[in-house]
Amino acid sequence: MIRLATVNDAEQLRRLNEEFNGEETTIESIRESFRNNPQEVVIVAEEDNVLVGFVCVLLKKSFCYEDYMPEITEVYVMPEYRGKGIFRAMYTKVIEMAKEQNITQVRLYVDRHN
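Below is a summary of the structure that appears in this document. Computed from a predicted model, the values in this text were never measured in an experiment.

### Thoughts on the layout of surface pockets
Okay, so step 1: Its volume calculated, the largest pocket comes out at about 410 Å³.
Okay, so step 2: Along its surface, the largest pocket is lined by 19 residues, and Ser33, Phe34, Glu40, Val42 and Cys56 are the ones closest to its centre.
Okay, so step 3: Mapped onto the lining of the largest pocket, the elements with two or more residues apiece are α1 (10–21), α2 (27–36), β2 (40–47) and β3 (50–60).

Have a look at this one:
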């Protein structure tokens, strides 16, 4: 299932972020971000009530663009779930949400080795 993350996903997102970034974030800091950072949207992939991937979308506003520009800043899918279309499904959800807001572009920056 692909869905928007909620504050209730903080514990599982902490685990995924540690696997992805090697960074230790606290559950409370993740909850705080959900409560107080309206510029970030997190899409998650869930299998059997376990989060197996996430996409972070930052809603940027710049003088360079008329509208908000969603930018995918982080993407992670657990290794054993890769190659199954999970990122594609999460990306499709991002595009659907952008269209609902009449946003016509989404930016994705990736490392050339990724």
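### Concerning the side chain of Glu46
Okay, so step 1: Counting through the fold element by element, Glu46 comes out in strand β2.
Okay, so step 2: A polar atom in the side chain of Glu46 sits 3.2 Å from the side chain of Arg3.
Okay, so step 3: Each residue touching Glu46, except ones within four places of it in the same chain, is listed here: Met1, Arg3 and Leu51.

### Some thoughts on unusual backbone geometry
Negative phi is the rule for most residues except glycine; trans is the rule for most peptide bonds.
Okay, so step 1: The phi dihedral of Asp48 falls on the positive side, at around 50°, and the residue is not glycine.
Okay, so step 2: Along the chain, Asp48 turns up in the loop between β2 and β3.
Okay, so step 3: Phi at Asn49 is positive, roughly 65°, even though this residue is not glycine.
Okay, so step 4: Note on placement: Asn49 falls in the loop between β2 and β3.

### As for the nonpolar core
In a soluble, globular protein the nonpolar side chains are often hidden away together inside.
Okay, so step 1: One finds Leu13, Val42, Val44, Phe54, Val55, Met90 and Val94 to be the most contacted residues of the largest nonpolar core, which totals 26 residues.
Okay, so step 2: Elements with a contribution of two residues or more to this core: α1, β2, β3, β4 (69–77) and α3 (86–100).
Okay, so step 3: Residue contributions to this core peak at six residues, all from β3.
Okay, so step 4: Sequence-distant contacts of Val44, that is, excluding residues within four places in its chain, are made with Met1, Ile2, Arg3, Leu4, Ala5, Leu13, Leu51, Gly53, Phe54 and Met90.

### Details of the pairing of β3
Okay, so step 1: Inspection of the sheet shows β2 paired to β3 by eight bridges, in the antiparallel sense. Opposite Val42, over in β3, you have Cys56 as the bridge partner.
Okay, so step 2: Hairpin connection from β2 to β3: two residues lie between these consecutive antiparallel strands, with Asp48 at a positive phi of about 50°.
Okay, so step 3: Examined bridge by bridge, β3 and β4 share eight bridges and lie antiparallel to one another.

About the cut-offs
- Residues numbered from 1 in each chain as written.
- Predicted model: local features only at pLDDT ≥ 70, side-chain atom pairs only at ≥ 80, totals over all residues.
- Heavy atoms only, no water.
- 1 Å grid on protein atoms, 1.4 Å probe; cavity = no way out; pocket = protein on both sides within 12 Å on 5 of 7 lines; lining within 4 Å.
- Points joined across faces, edges and corners; volume = space filled by probe spheres on them.
- Helix = DSSP H or I, 4+ residues; strand = E, 2+ residues; numbered from the N terminus.
- Polar contact = N/O pair within 3.5 Å; in protein donor to acceptor, adjacent residues only side chain to side chain.
- Contact = heavy atoms within 4.5 Å.
- Core = buried A, V, L, I, M, F, W, Y, C linked by side-chain atoms within 4.5 Å.
- Buried < 20%, exposed > 50% of the residue type's maximum accessible area, 1.4 Å probe, protein only.
- Pairing = 2+ DSSP bridges.

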